[in-house]
Amino acid sequence: MNDIGDYVGTDIQIAWLPNLDDLMKGYARNFRPGIGGPPVNVALAIEVASIDHISEANMEYTMTVFLRQSWRDKRLSYNHTNKTLGLDSRFVDKLWLPDTFIVNAKSAWFHDVTVENKLIRLQPDGVILYSIRITSTVACDMDLTKYPMDEQECMLDLESYGYSSEDIVYYWSESQEQIHGLDKLELSQFTITSYKFTTDMMNFKSAGQFPRLSLHFHLRRNRGVYIIQSYVPSILLVAMSWVSFWISQSAVPARVSLGITTVLTMTTLMVSARSSLPRASAIKALDVYFWICYVFVFAALVEYAFAHFNADYARKQKTKIKERKPNTESLMKNGKQAMVLFSVSVTGVNPGLAISNRQHRTQRINTGPHGTGEVEKGKTERKQQSNLEKKRGLKSIFKPIDTDTIDIYARVVFPAAFAAVNVIYWIAYTM
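The paragraphs below set out a description of the structure included in this document.

On to a nonpolar patch on the surface. Judged by side-chain polarity, Ile-227, Ile-228, Val-232 and Leu-236 come together as a nonpolar surface patch covering roughly 370 Å² of accessible area. Note on placement: Leu-236 falls in helix α2 (residues 224-241). Residue classification places Leu-236 among the exposed positions, given a relative accessible area of 54%.

Here it is in structure tokens:
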């Protein structure tokens, strides 16, 4: 036969093919094989086709797998040939199948292009191999405390929905020593470092014990994209805020605009980075770094405000000193003139002298024989002197610092402090 059309309209009979109609006589697909006896042993194997998307915001991942299940159904055994039959996917609807489901799946679907992606193979001893292609969105609880230096562990849990351990027992296939296709996967944000298979028995008070097979795979986040998109821009913004330390104090618009621009840009970067993350209460490593940078940027703006305040205070003090000098000079001139007039009046006979002598005697009478007036005057002078010393001490403590000195210190302190904080940060979150 050289043409497919030669098969059409012909009744082909192959001697070694079993009669499926005879095999299916009396077959009850609603009952498991060996009902009433020991449980059915179902071997599972998984081949990963792709991991399409891992979402931190929804804490889920999407995976496409080939799920292969194998069990023995003696009702379908045949002995007149030792060849394995590959059957059409439509034959699946006539067979009993394990009710396997993905426990932590949010959604799942079968592929049906160009036909349903199902495979059935029947061996002479009644062993059935059933393979299906499934794409499922699976929940994955993530600990984002160290994000983006985090490592996550996601699971794929398989379990029987209706059959307990008395009816069905799951185990990983002997050929499932490794997951085929997983070592070839390349993910955009993660690297699969390891995986393992586990078998558990889940206890439910109302339904009994159910066997569960789990695939655990460990993911390590690729940090390169975050270093380029988040860390490097933050470091550059902090360094940009230090440029103001080299700008003159008199250039108020330049320094203020630079400080406000860096603060607002840092705020925008923080908001945009958090938009792809869940609104969780946990503080992430990226949040900590953003706040470190935000504090340094804001501190640079506060530094200029402090320096400007000191400069303004120093100008006011200089103005006061200049205003006091003319007053003291005029007082000294008036004092000299009064002394000259007094000396002239003493040389002649002047009634003012008698008045001054009388006032002097009156002052002596009022003070008494022990000079209490002079003592009180001395106490008052000492109090005034102590108050002046206290004021001078406070002024010396709160003496304004030179604005250039503040900028010189800031040029050294800010980079050194930022470098020290970075060392502590990277050691804490990468070790």
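Additional details are given in the paragraphs that follow.
A few words on the pattern of salt bridges. Opposite charge on two side chains permits them to pair, given that their charged atoms come into close proximity. Applying the stated criterion to the full structure yields 12 salt bridges. Arg-75 serves as the salt-bridge partner of Asp-73, at 3.0 Å between the closest nitrogen and oxygen. Judged by relative accessible area, Asp-73 falls into the buried class, the value being 0%. Between Lys-118 and Glu-116 there is a salt bridge, with its nearest N and O atoms 3.2 Å apart.

Once that is clear, we can look at the environment of Met-149. Topologically, Met-149 is positioned in the loop between β7 (127-139) and β8 (151-160). As a C-alpha pair, Met-149 and Lys-284 span 135 residues in sequence and 9.6 Å in three-dimensional space. Those residues in contact with Met-149 that sit more than four places away from it in its chain are Arg-223, Tyr-231, Ala-285, Tyr-425, Trp-426, Tyr-429 and Thr-430.

Examined against the element boundaries, Arg-32 turns out to sit in the loop between α1 (20-24) and β1 (40-55). Through-space distance from the C-alpha of Arg-32 to that of Tyr-163 is 9.6 Å; in sequence the pair is 131 residues apart. Not counting residues up to four positions away in its chain, the partners in contact with Arg-32 are Gly-37, Pro-38, Pro-39, Val-40, Arg-75, Trp-96, Tyr-163, Glu-166 and Asp-167. A polar contact of 3.2 Å, which involves the side chain of Arg-32, links it to the backbone oxygen of Gly-37. Among the polar contacts listed, one links the side chain of Arg-32 to the side chain of Asp-167, at a separation of 3.2 Å.

The next subject is the packing of aromatic side chains. All told, the structure shown has 20 aromatic pairs when counted by the stated rule. Seen from their ring centres, Phe-101 and Tyr-161 are 5.1 Å apart, and the 80° between their planes marks the pair as edge-to-face. Here the residue Phe-101 occupies a position in strand β4 (residues 100-102), and Tyr-161 occupies one in the loop between β8 and β9 (168-172), the gap between them amounting to 60 residues. Taken together, a centroid distance of 6.5 Å and an interplanar angle of 75° make the contact between Phe-296 and Phe-414 edge-to-face. Pair noted here: Phe-296 is in helix α4 (residues 285-347) and Phe-414 is in helix α7 (residues 403-430), with a separation of 118 residues, a long-range link. By relative accessible area, Phe-296 is classed as buried at 11%. One cation-aromatic arrangement involves Lys-118 over Phe-110; the distance from NZ or CZ to the ring centre is 5.4 Å.

What counts, and at which threshold
- Think of each chain on its own: its residues are numbered from 1, step by step along the sequence as written.
- Local features in this predicted model are restricted to residues whose pLDDT is 70 or higher, and side-chain atom pairs enter the listing and the counts only when it is 80 or higher, whereas totals over whole chains, interfaces and linings include all residues.
- Excluded from the side-chain calculations are hydrogens and water; all other atoms, namely the structure's heavy atoms, are used.
- For patch detection, residues must exceed 30% relative accessible area and be free of salt bridges, and they are connected within 9 Å for like charges or within 5 Å for nonpolar side chains (Val, Leu, Ile, Met, Phe, Trp, Tyr).
- Exposure was quantified through the Shrake-Rupley algorithm and a 1.4 Å probe, taking into account, for residues, occlusion by the shown protein chains and nothing else.
- The term salt bridge refers to a side-chain nitrogen of Lys or Arg lying within 4 Å of a carboxyl oxygen of Asp or Glu.
- Working definition: helices are DSSP H or I runs of at least four residues, strands are E runs of at least two. Numbering for both runs from the N terminus.
- Each residue is placed in one exposure class: buried if its accessible area under a 1.4 Å probe, protein chains only, is under 20% of its type's maximum, exposed if it is over 50%, and partly exposed if it falls in between.
- Only heavy atoms enter the contact rule, under which two residues are in contact if any of them lie within 4.5 Å.
- The definition of a polar contact used here is a pair of N or O atoms within 3.5 Å, where within protein one atom must be able to donate a hydrogen and the other to accept one, and adjacent residues in sequence count solely through side-chain atom pairs.
- Pairing of aromatic rings covers Phe, Tyr and Trp, the last counted by its six-membered ring, and requires centre-to-centre distances within 6.5 Å; plane angles under 30 degrees mean stacked, over 60 mean edge-to-face, and any other angle means tilted.
- Distance and angle both matter: a charge sits over a ring if NZ of Lys or CZ of Arg is within 6 Å of the ring centre and within 35 degrees of the ring normal.

These figures come from the coordinates and say nothing about function on their own.
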